[in-house]
Amino acid sequence: MRRDHRPYWMHHLWERYENAWTQHFLEPHFEALGSDPKIVRPWHVEVFGPNIVAGEKLHIIASAADPVRLTVWSPQESQGHITIGDGVFMAGGTRLLAAGSIEIGDACLIARESVITDCDWHSLYDRVDPAPPSRPVKLGKNVWVGDGAFIGKGVTIGDHAVIGARAVITKDVEPYAVMAGNPARLVKRLDPALPMKTRLDLLGDLDGLEAFMENAYRDALKDNSTTGWLSSKLWPRRGV
């Protein structure tokens, strides 16, 4: 599809539908979900297990091909949890798997198909243990996790660090470090003296942001019509 053929009213109605779905079907599975979540296709987000808490303005983009899964496995007396800060973004295919503790700091960006886990889920010699050992994982503020990265048990990642695409992280990462490779290695250090803008800066004026996006969609879709949208679905044409 070369462009969005929907008329504005259809876009607006679809967003209200997604928000209503989130509130009715998804939010009850969280221990707590902060205000103003933006979940795209929330029916492809799976929240399983107890003690999953997310802060304000959580943004998730999911799809049938790339569902997002937040999973806490807490057998017997174990009390695992996932804690997600404010302004966090998760792309499709993200998986957070906690047997003990996963903490995601404010304004983190987690790209497509990334996996964060605090447990190996099977030990080397006992592969049927229902409660395998885990070690806490913690991401600081404004950590950027690239496509398909893997962050394993016991890892702490410092504020503003960058984890490159497909990187495998098994050891702690310093603040402002840029890591890449398998196993990951330090390739660069960001300058902490330079100003750093985060998603919380973008979301600080939520009313202003919503007004900007609303006007942008109105302008982009202003020439679309319901009949034109139907035509694009039933009789698509090259170049249209």
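Residues numbered from 1 in each chain as written. Predicted model: local features only at pLDDT ≥ 70, side-chain atom pairs only at ≥ 80, totals over all residues. Heavy atoms only, no water.

Participant: How should I be thinking about the packing of helix α1 (residues 8–26) against helix α3 (residues 206–221) in this particular structure?
Facilitator: Packed helices, taken two at a time, are described by the angle between their axes plus the distance between the axes. Packing of α1 against α3 brings their axes to within 9 Å, and their N-to-C directions diverge by 140 degrees. Contact with α1, carried on its side by Tyr8, His11 and His12, involves Glu214, Tyr217, Arg218 and Leu221 of α3 and no other residues of that element. Tallied by class, the residues present in the contact of α1 with α3 amount to three nonpolar, two polar and two charged. (Axes fitted to C-alpha atoms, helices over the stretch in contact; angles between N-to-C directions. Helix = DSSP H or I, 4+ residues; strand = E, 2+ residues; numbered from the N terminus. Contact = heavy atoms within 4.5 Å. Nonpolar A, V, L, I, M, F, W, Y, C, P; charged D, E, K, R; others polar.)

Participant: Sorry, what's going on with a negative patch on the surface here?
Facilitator: Taken together, the side chains of Asp36, Asp205, Asp207 and Glu210 present a region of like negative charge at the surface. Checked against the element boundaries, Asp36 lands in the loop between β1 (32–33) and β2 (38–40). According to the relative accessible area criterion, Asp36 is partly exposed, its value standing at 40%. (Patch = residues over 30% accessible without salt bridge, like charges linked within 9 Å, V, L, I, M, F, W, Y side chains within 5 Å. Areas by Shrake-Rupley, 256 points an atom, 1.4 Å probe, with all protein chains shown as cover. Salt bridge = Lys/Arg side-chain N within 4 Å of Asp/Glu carboxyl O. Lys, Arg positive; Asp, Glu negative; His and termini not counted. Charge placed at Lys NZ, Arg CZ, Asp CG, Glu CD. Buried < 20%, exposed > 50% of the residue type's maximum accessible area, 1.4 Å probe, protein only.)

Participant: What is the right way to look at the nonpolar core in this model?
Facilitator: Side chains of nonpolar character tend, in soluble globular proteins, to be buried together. One finds Leu70, Ile84, Ile104 and Leu139 to be the most contacted residues of the largest nonpolar core, which totals 40 residues. Elements with a minimum of two residues in this core: β3 (45–48), β4 (52–54), β6 (68–72), β7 (81–84), β9 (95–98), β10 (101–104), β13 (137–139) and β19 (177–180). Looking at which element gives the most residues to this core, the answer is β6, with three residues. The contact partners of Leu70, leaving out residues within four places of it in the chain, are Phe30, Glu46, Val47, Phe48, Ile52, Ile82, Ile84, Met90 and Leu96. (Core = buried A, V, L, I, M, F, W, Y, C linked by side-chain atoms within 4.5 Å.)

Participant: Explain the layout of surface pockets here, please?
Facilitator: As a volume, the largest pocket reaches approximately 880 Å³. Glu15, Lys38, His59, Glu210 and Met213 are the residues nearest the centre of the largest pocket, which is lined by 26 residues in total. When residues of the lining of the largest pocket are traced back to their parent elements, those giving at least two are α1, β2, β5 (59–61), α2 (199–203) and α3. Examining the composition of the lining of the largest pocket, we find that seven residues originate from one element, α1, more than from any other. Taken together, 15 residues form the lining of the second largest pocket, with His5, Gly228, Ser231, Ser232 and Val240 sitting closest to its centre. (1 Å grid on protein atoms, 1.4 Å probe; cavity = no way out; pocket = protein on both sides within 12 Å on 5 of 7 lines; lining within 4 Å. Points joined across faces, edges and corners; volume = space filled by probe spheres on them.)

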